[in-house]
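Residues per chain, in single letters:
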Amino acid sequence: STTTVKKFFLVGFTESAMLQYILFTTFLIIYAMTWLGNVTIITTVITDQYLHKPMYFLLGNLAFIDLSESSVTLPKMLRDLLSEVKTISFQGCITQMFFFHFTGGAVAILLIVMALDRYVALHKPLQYLNIMNHNFLLKLVAGAWIGGFVHSVMQVALVIQLPFCGPNFLDNFYCDVPQVIKLACTDSYVVELLMVSNSGLLTILIFIVLIVSYAVILVKIRTHITERKHKAFSTCGAQVAVVGIHFIPCIFVYARPFQKLVVDKAMLCLYTVITPMLNPIIYTLRNTEMKNAINRLF
């Protein structure tokens, strides 16, 4: 009732028409590669009986979330790169924020689940399949989506209670909480603190937990595993790489309130555009079993 703004104007990357066409072509190729890579992983995991294992079930779910996450921002961004005036309605902006944090939260929790899967596989190898049974995996994946939903609702709740009466120029290429709350017609200090505690601090804590977990796992592999040590190292190395490219940009953006840096858009682009494309490449290159399964698929 206190919002008079009907739409936001997105500043985007650049005003140069030539650079916009170059960016459109680049991002279109990246989006196509994102779909190709993640759909290939999903299809391979579903159709190849040798991959009907907990680790690959979780990998298939990660690929699905990556597709969903990139599709929240990239199609609109591609359209805007070909448009002179880049706008998004207030309702559309809130919707985009909701689904962006919904999928982002689900990814963060799913990466914790994947670390748990590797921990159980190495520390309880004889009970692994009994512990990580299908019903338990479904509950873990459902928990990831529910966690993402709760996180997203909390983020959107911070925004919709703010009054927006202008300005309405959003210095970004999509709608996100840190940029939108700065346009509110009120002091946003408390809201930014809440955003940092809900996104920034939580992201840092999850990142630390994951790094410590994988350090424990890698020490276990190095000291106790004799057979298939290289395979175990490759699998965990791929997961550590995915954790890094997911969380480092998030920490940079959401754990640093009250200030704006030139590299913000580059970090956001890395997280929203590049990361969903890199995940299937990392897992495929470092996993012989997955590469063989993809070869069988084709």
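For the structure, check the block above.
The sections below set out a description of the structure shown in this document. (Residues numbered from 1 in each chain as written. Predicted model: local features only at pLDDT ≥ 70, side-chain atom pairs only at ≥ 80, totals over all residues. Heavy atoms only, no water.)

Next up on the list: the state of the cysteines. In this structure the tally under the stated criterion is two disulfides. Paired through a disulfide, Cys93 and Cys175 show a sulfur-sulfur distance of 2.1 Å. Looking down the S-S bond of the Cys93 and Cys175 bridge, the torsion is -120°, so its handedness is left-handed. Taken together, the residues span a long stretch of sequence, with Cys93 in helix H3 (residues 90-123) and Cys175 in the loop between strand S3 (169-170) and helix H6 (177-180) at a distance of 82 residues. One disulfide in the model links Cys165 with Cys185; its S-S distance is 2.0 Å. Its S-S torsion of approximately -135° makes the covalent link between Cys165 and Cys185 left-handed. Of the two residues, Cys165 sits in the loop between helix H5 (134-160) and S3 while Cys185 sits in the loop between H6 and helix H7 (189-224), which places them 20 residues apart along the sequence. Accessibility expressed as a relative area gives 46% for Cys165, which makes it partly exposed. Overall, Cys185 belongs to the partly exposed group, its relative accessible area being 31%. Cys250 provides the cysteine sulfur closest to Cys269, a residue in no disulfide bond, and the two sulfurs are 14 Å apart. A residue is classified by how much of its surface remains accessible, and Cys269, at 12% relative accessible area, is buried. (Disulfide = S-S within 2.5 Å. Helix = DSSP H or I, 4+ residues; strand = E, 2+ residues; numbered from the N terminus. Buried < 20%, exposed > 50% of the residue type's maximum accessible area, 1.4 Å probe, protein only.)

Side-chain pairs of opposite charge can arise whenever the charged atoms involved come near each other. Counted according to the given criterion, the structure contains six salt bridges. One salt bridge connects Arg118 with Asp117, and the closest N-O pair in it is separated by 2.9 Å. Just as Arg118 is buried, Asp117 falls in that class too. A salt bridge links Asp171 to Lys265; the nearest nitrogen and oxygen atoms lie 3.0 Å apart. Remark: Lys265 occurs in helix H9 (residues 264-285) and Asp171 occurs in the loop between S3 and H6; sequence separation between them is 94 residues. Overall, Asp171 belongs to the partly exposed group, its relative accessible area being 26%. Residue Lys265 is classed as buried on the basis of its relative accessible area of 19%. (Salt bridge = Lys/Arg side-chain N within 4 Å of Asp/Glu carboxyl O.)

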